[in-house]
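Residue-level structure breakdown
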Amino acid sequence: MLKFLGRRLLGLIPILFFVSVLIFLFVHLIPGDPARLLAGADASYSDIAAVRSRLGLDKPILAQYLSYVSNMFHGNLGTSFRTGRPVVSEIGDRFMPTLLLTLVSMLWSFIVALVVGVISTIKKDKWQDYTVRFGALSGISLPSFWLGLMLMQLFSVQLHWLPTVGFNSWKGIILPSLTLGSGIAAVLARFTRASLQEVLQEDYTRTARAKGLAYNLVIWKHALRNALIPVVTMAGLQFGYLLGGSVVVETVFSWPGEGRLLIDSVGFRDYPVIQGEMLLFALEFILINVLVDILYAVLNPQIRLE
Amino acid sequence: MGRILFRFSAAVSMLFALTAAGFAQGAATAPKDIVIANNANFVSLDPQDTNDNISFSAEKAIYQGLLGFDKDMKLVGVLATDWVASPNAKKFTFHLRKGVSFQDGTPFDAAAVKVNIDRLADPANKLKRHSLFDQVEKTVVDNEYTVSVYLKAPFGAMLNNFSHPGAMMISPKALQDYGKDIFKHPVGTGPYLFKDWVTGDHLTLVKNPNYWGGPVNYNSITFRSIPEDGTRVAMLQSGEADFIYPVPTEQLQVLAGQGGIVVKHDPTVGIQYASMNTMKKPFTDIRVRQALNYAVDKDAFIKVVFNGIAGTATSCLAPNTRFYSPQTPYPYDPAKAKKLLAEAGYPNGFETTLWVGTMSVSIKAAQFLQQQLAMVGVNMKIESLESGTMANKIWNVADPKDATIQMYYGSWTPSTADADWGMRPILGGTMIPPKGYNTAYFQNKEVNADIQAGLDSADVATRKAAYEKAQKTIWNEAPWIFLSVPQNIYAYKDSLQDVNLLPDGTLSVYSLN
């Protein structure tokens, strides 16, 4: 286990380096001149030239690349073109809000998905099953910006129960996490249902039933655990995406997370912040994959981490 | 690992703190604390290094300049009580208000002004607003409350540069203490003090108890960045925001007629136009350019594209711009347009391409123009370009002969609200790309001479005459299809006082009078 972890974490270094080179090239290939965008709509030629030289964009691309790499090896991701603040603090400030929203959304949607998925399996082709399937389809299909604005109209404008936006109170996280989690809950519920039904066809579950175990016990203790493997894979992927910040939900609820930062940065061609964000996302995805691999082994002891 | 643990425990303690804050907030809702929701993030709180109106809006509550604009863009004295410009527009002397202190206690005097103008004028500081003061030769302290600024060359529009928010005064002590970090530690002479700023979330200012101008309206002002239009509207409806801007035209109906909410719209200093590349056929011919002006029904354009909320362009400048002079409109007359096109040798029209950004309202405008021009036989293709790509296509062209631009839909808002910056960058001969924004590649000797005459004098009558002449020539030469004057749309609770969105797009949270 430790050996596995060590190897996977060491493997991070070359991957991140490779990713960083790719990111640098991609970012500089996007058309658009950051100096012109930053200098503002009615900037004069000399203003733009001043901004360009301040950002170091008047240097040859190779020189820019070398300083980027050498800075990176010193743990310095540079400073934001737009705000002049270090990239690490720009991204760091947005990390907690995104993590908080992701954890809350994932938590409720995972639990709901499991319960609902199981109910739907137990009551297969009964009204409960149809309700769940209808709900899941709606959850997947509803655009989140629409859902968010509707929830806001209902709970904030009409009922005055919850604030429209607001990262500064616990009530403020309810609507964004409902909006963000509904799609995930729907996907995971469908995965749980499908996977569980498959497992219930297996010989060992039939054996368990045959030896007289209660149906509920078979489902919750024997079948569900094995059925979870594809669900966990899916949840891991979703988790990775969410950690990148949900642009739509963060925009609708004005949540100060990574997604909005990335969009703003792309709009201004804020190269250092875009590069920092991409590196962070790559790192998060790799770590989540490691975590998912470990969870496989926990769920099914037959799987060895080698 | 320690760091991760720290982060995790920080997260948990934050959750608890948030819970506590949630309850506290519910209990204390004093009516004197207001929330203003706008659509973008703050970038800086150093006015001399700012170029976005969102940042200027907060800065204008903290800082003040020697001069300023009132809510109708009239130039007024703020930290200067009176001022004299030499007739040749090279020397500007200001008499300063006495008894004013910066928020950190530093006295406001001529020496403080010199520190600020020197900072702006020095190109080595690479400030975004350096160009407002790049003509400054030196700044001289005449006595404690008199200061003179000397220019290298005449610049008749200089007083408007002094009124620009980019020329607001920063405490010299704060500049020394914070250096480059002044952008997050603002200290000015204004009615509100900086309290806190969480990037991407909010910025809070509180009352300056020692404000020289007397009592201050609000105990605190919180600015919130709300990018989604519908969310801003919901915040005003639910009472969480007191003032929201911009309000998209589609949301006007939602808010209009709701009790306790005022929706307003008034003209900006901007102008919307479709430029024609006057160096390329068929736009080399004045008859073609005029024909296109006759071919477009501007009233219908405004109804269709802006739900009727915009003014008709009556010059190349907006009416709120200094030295604006109204021209005789080109009436909607497709028959006359066809006749002019035939005279110019295009009886069956021609093909052309219009470049436009990606905003849906701009594309709507382009489609309307396309439909109107088709009626007179002009087949205009629309190319919608992302801003970075557009910038490359326009400004990566060194020689006008290589320019591929034909028509371009754009707008211009001169932040100084003066005729010079309203005309020179977009229609001046020295400002064709890559130097400036003259996308019509408009080169007219008379106009160039008039623009220069306006710069060479500080005498109001001389400048007025020069710009009147220039506007007349430009209107007749028709390098653009003159379209509309956009409006600021904003909404607020009717209990709110003295919060105004100015024609230049910045917010003013107190009255300058």
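Here we take up the interface of chain B and chain A. Each partner contributes to the interface: chain B provides 52 residues, whereas chain A provides 50 residues. Both faces considered, chain B and chain A share a buried interface measuring about 4,400 Å² in area, 54% of it formed by carbon and sulfur atoms. Inspection of the chain B/chain A interface yields two salt bridges. Linking R54 of chain A and D49 of chain B is a salt bridge whose minimum nitrogen-to-oxygen distance equals 3.3 Å. Between the two partners, chain B and chain A, sit twelve residue pairs in polar contact (both at pLDDT 80 or more).

A word on empty space enclosed by the protein. Applying the stated rule across the entire model yields two cavities of 30 Å³ or more. Roughly 70 Å³ of internal volume is contained in the largest cavity. Residue lining of the largest cavity: R82, T83, E90, R94 and L261 of chain A together with N41, F42, W197, T199 and G200 of chain B, and that is the complete set. Split by residue class, the lining of the largest cavity holds three nonpolar, four polar and three charged. Approximately 40 Å³ is the volume found for the second largest cavity. Taken together, V269, I271, C316, L317, A318, T321, W412, P414 and G422 of chain B make up the lining of the second largest cavity. Residues that form the lining of the second largest cavity fall into these classes: seven nonpolar, two polar and no charged.

Moving on, we come to the domain arrangement of chain B. All names here are of chain B. Domain assignment breaks chain B into domain 1 (16-259 + 497-508) and domain 2 (271-485). Inter-centroid distance (C-alpha atoms) of domain 1 to domain 2 is 32 Å. In this complex, domain 1 contributes 23 residues to the contact, which on the side of domain 2 involves 18 residues. In total, about 1,400 Å² of surface goes out of reach between domain 1 and domain 2, with carbon and sulfur atoms giving 57% of it. Looking only at domain 1, the three residues that lose the most surface to domain 2 are G156, N160 and T249, adding up to 30% of its buried area.

What follows is about the pattern of salt bridges. Summed over the entire model, instances satisfying the criterion amount to 24 salt bridges over all chains. Among the ionic pairs, D129 of chain A bridges to R193 of chain A, the shortest N-O distance being 2.9 Å. On the criterion of sequence distance, the pair formed by D129 of chain A in helix α6 (residues 127-141) and R193 of chain A in helix α8 (residues 174-200) is long-range, its members being 64 residues apart. There is no split in this pair, since D129 of chain A and R193 of chain A are both buried. Between R269 of chain A and E386 of chain B there is a salt bridge, with the nearest N and O atoms lying 2.8 Å from each other. Note that R269 of chain A is positioned in the loop between α12 (258-267) and α13 (271-299) and E386 of chain B in the loop between β16 (379-384) and α12 (387-395), a pairing that runs across two chains. Shared partners join several salt bridges into a network, and the residues in it are D125, D129, R133 and R193 of chain A.

Our focus in this paragraph is the sheet that holds strand β5 (residues 91-96) of chain B. Residues and elements named next belong to chain B. Pairing in this open sheet of four strands is antiparallel, and the strands run β4-β5-β7-β6 from one edge to the other. Only two strands of the sheet have a single partner each, and these edge strands are β4 (80-85) and β6 (136-143). With strand direction ignored, the average angle separating the axes of adjacent strands in the sheet is 20 degrees. Of the strand pairs in this sheet, β4 and β5 are connected by five bridges, and their pairing is antiparallel. Directly across from A80, in β5, lies its bridge partner L96.

Bringing the packing of aromatic side chains into the picture now. This structure, assessed with the given rule, holds 30 aromatic pairs over all chains. Here the aromatic rings of F81 of chain A and Y271 of chain A are separated by 5.8 Å at their centres, their planes lie at 55 degrees, and the arrangement is tilted. In this pair, F81 of chain A is assigned in the loop between α4 (61-73) and α5 (87-122) and Y271 of chain A in helix α13, connecting sequence segments 190 residues apart. Neither F81 of chain A nor Y271 of chain A differs from the other in exposure class; each is buried. A ring pair is formed by Y490 of chain B and Y492 of chain B, whose centres lie 6.2 Å apart and whose planes are at 15 degrees; its orientation type is stacked. In this structure, Y490 of chain B and Y492 of chain B share a single accessibility class: buried. The side chain of R36 of chain A reaches across the aromatic face of W395 of chain B, ending 3.9 Å from its centre. For the cation-ring pair, K138 of chain B lies above Y150 of chain B, with the distance from its terminal atom to the ring centre recorded as 4.8 Å.

The next subject is the domain arrangement of chain A. All names here are of chain A. Under the domain assignment used here, chain A contains domain 1 (2-72) and domain 2 (96-299). In this assembly, 22 residues from domain 1 lie in contact with 16 residues from domain 2. If you look at where domain 1 meets domain 2, you find zero salt bridges. Only α1 (2-29), α2 (34-39) and α4 provide two or more residues apiece to the side of domain 1 that touches domain 2. In terms of residue class, the side of domain 1 that touches domain 2 is built from 18 nonpolar, three polar and one charged.

Each value, and the rule that gives it
Residues numbered from 1 in each chain as written. Chains lettered and ligands numbered in written order. Predicted model: local features only at pLDDT ≥ 70, side-chain atom pairs only at ≥ 80, totals over all residues. Heavy atoms only, no water. Contact = heavy atoms within 4.5 Å. Buried area = accessible area lost by both parts, 1.4 Å probe. Salt bridge = Lys/Arg side-chain N within 4 Å of Asp/Glu carboxyl O. Polar contact = N/O pair within 3.5 Å; in protein donor to acceptor, adjacent residues only side chain to side chain. 1 Å grid on protein atoms, 1.4 Å probe; cavity = no way out; pocket = protein on both sides within 12 Å on 5 of 7 lines; lining within 4 Å. Points joined across faces, edges and corners; volume = space filled by probe spheres on them. Nonpolar A, V, L, I, M, F, W, Y, C, P; charged D, E, K, R; others polar. Domains from an automatic or database assignment. Helix = DSSP H or I, 4+ residues; strand = E, 2+ residues; numbered from the N terminus. Buried < 20%, exposed > 50% of the residue type's maximum accessible area, 1.4 Å probe, protein only. Pairing = 2+ DSSP bridges. Axes fitted to C-alpha atoms, helices over the stretch in contact; angles between N-to-C directions. Phe/Tyr/Trp six-rings, centres within 6.5 Å; stacked < 30°, edge-to-face > 60°. Lys NZ or Arg CZ within 6 Å of the ring centre and 35° of its normal.

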